[in-house]
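Letter by letter, the chains look like this.
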Amino acid sequence: MSLYDDAVLVLKGYEGQDELRQAYLDHLAAHPDGMWKACHAGHVTASALVIDPSRERVLLTLHRKLRMWLQMGGHCEPQDGTLEAAALREATEESGIAGLTLLPGGPVRLDRHPIPAPCHWHYDVQYAVLAPAGAEQAISDESLDLRWFAYDEVADVADESVVRLLEATRARL
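Source: prediction; values computed, not measured. (Residues numbered from 1 in each chain as written. Predicted model: local features only at pLDDT ≥ 70, side-chain atom pairs only at ≥ 80, totals over all residues. Heavy atoms only, no water.)

Draft legend 1. Fine view of the overall build of the protein. Counting its secondary structure elements, the protein contains five helices and eight strands. When the helices and strands of the protein are listed from N to C terminus, the series reads α-α-β-β-β-β-α-β-β-β-β-α-α. Radius of gyration (C-alpha) of the protein: 15 Å, near the 16 Å computed for a compact globule of 173 residues. By its C-alpha atoms, the protein is 45 × 30 × 30 Å across when sized along the principal axes. (Helix = DSSP H or I, 4+ residues; strand = E, 2+ residues; numbered from the N terminus. Rg over C-alpha atoms; globule rule 2.2 N^0.38 Å.)

Dropping the structure here:
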C-alpha cells in the first residue's frame, strides 16, 4: 500500500472534524501528488505531540523558520510507509528521543493551516507520542530550542492549534 493510499484510509476512518476531514479527502482526490512538498496547492504533513503523562508535560520545539513553539512534525518522505510512520519519524528526529511510542487510536486531530508561497496549505495529520521514562531530548537543525512545558503552560507559549492538540491528546489519555 502506498503512503497516499494509507492517508486516504486513515482519513476515511478518522472520526470527528467531518468538514475538515472531507476537505483533506477532496484535496487528495484532486491532487494525486498531494502527499508531497512539491504539490503547490498544498500537501499532507504529519506531526506528533511528544507527551510525558506521568509528569504532565509536553515537549515543544521552537521552530527555526517560524519562530513559534510547536509540536514536532513536517513533510512526508518517500521512505514513510504510513502517516503514523511519518509522524513518529518526525517526532524522533526533531526531539532526539529514542523509544517514542504512538498513542493508540490513530490521529488525534487534523489542522489545516496556510503556509508561505509557493505552497498554500499544510493538511496536517496530528498524532501524539509517549516519551519513555527518563527521556532526554536533543535539539535538531530544525529547532532553535526544545523545552518541556507543563500542561498549564502551553497556552502561554503556543498558538491555539497546539492547545487544541494537547486538549485532544489529554482527552484520549
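Draft legend 2. Local environment of the environment of Leu3. Turning to its location among the elements, Leu3 is positioned in helix H1 (residues 3-13). Given a relative accessible area of 6%, Leu3 falls into the buried group. In the structure, Leu3 is positioned 126 residues away from Val129 in sequence and 20 Å away in space, judged by C-alpha atoms. (Buried < 20%, exposed > 50% of the residue type's maximum accessible area, 1.4 Å probe, protein only.)

Draft legend 3. Spotlight on the packing of aromatic side chains. A complete count under the given rule lists two aromatic pairs for this structure. Ring geometry for Tyr24 against Tyr123: centres 5.1 Å apart, planes inclined by 90 degrees, an arrangement best described as edge-to-face. Within this pair, whereas Tyr24 is found in helix H2 (residues 18-30), its partner Tyr123 is found in strand S7 (residues 121-130), the two being separated by 99 residues in sequence. Judged on exposure class, the residue Tyr24 and its partner Tyr123 are both buried. (Phe/Tyr/Trp six-rings, centres within 6.5 Å; stacked < 30°, edge-to-face > 60°.)

Draft legend 4. The pattern of salt bridges, seen in detail. According to the stated counting rule, one finds six salt bridges in the structure shown. In this structure, Glu90 engages Arg89 in a salt bridge whose closest nitrogen and oxygen atoms are separated by 3.1 Å. For the pair Glu90 and Arg89, a shared accessibility class is recorded, and that class is buried. The salt bridge involving Arg147 is made with Asp145; its shortest N-O contact spans 2.8 Å. Residue class for Arg147 comes out partly exposed when judged on its relative accessible area of 39%. Sharing partners across several salt bridges, the network here consists of Asp80, Arg89, Glu90 and Glu93. (Salt bridge = Lys/Arg side-chain N within 4 Å of Asp/Glu carboxyl O.)

Draft legend 5. Representation of the side chain of Asp6 in the model. Note on placement: Asp6 falls in helix H1. One buried charge, Asp6, has no salt-bridge partner; the nearest side chain with opposite charge is Arg89, at 12 Å. Within the local environment of Asp6, its side chain forms a polar contact with the backbone nitrogen of Leu83, the two atoms lying 2.9 Å apart. Apart from residues no more than four positions distant in its own chain, Asp6 is found in contact with Met1, Gly81, Thr82 and Leu83. (Lys, Arg positive; Asp, Glu negative; His and termini not counted. Polar contact = N/O pair within 3.5 Å; in protein donor to acceptor, adjacent residues only side chain to side chain. Contact = heavy atoms within 4.5 Å.)

Draft legend 6. Expanded view of unusual backbone geometry. Positive phi, normally seen in glycine, also occurs at Gln17, with a value near 45 degrees. Relative to the helices and strands, Gln17 is located in the loop between H1 and H2. Of note, the phi angle at Glu56 is positive, near 50 degrees, even though the residue is not glycine. Turning to its location among the elements, Glu56 is positioned in the loop between strand S1 (43-52) and strand S2 (57-63).

Draft legend 7. Focus on a negative patch on the surface. Together, Glu56, Asp152, Glu153 and Asp156 give the surface a local cluster of negative charge. Following the sequence through the fold, Asp156 ends up in helix H4 (residues 154-157). (Patch = residues over 30% accessible without salt bridge, like charges linked within 9 Å, V, L, I, M, F, W, Y side chains within 5 Å. Areas by Shrake-Rupley, 256 points an atom, 1.4 Å probe, with all protein chains shown as cover. Charge placed at Lys NZ, Arg CZ, Asp CG, Glu CD.)

Draft legend 8. Seen up close, the nonpolar core. Core analysis: the largest hydrophobic core is formed by 31 residues, its most contacted members being Met35, Val50, Leu83 and Val125. The set of elements that each furnish at least two residues to this core consists of H1, H2, S1, helix H3 (83-95), S7 and strand S8 (143-150). Contact partners of Met35, with chain neighbours within four places excluded, come to Leu3, Tyr4, Ala7, Leu28, His43, Val44, Cys76 and Leu83. Formed by 18 residues, the second largest nonpolar core is a distinct cluster that contains Val108, Ala128, Phe149 and Ala158. (Core = buried A, V, L, I, M, F, W, Y, C linked by side-chain atoms within 4.5 Å.)

Read these as spatial facts, not as claims about activity.
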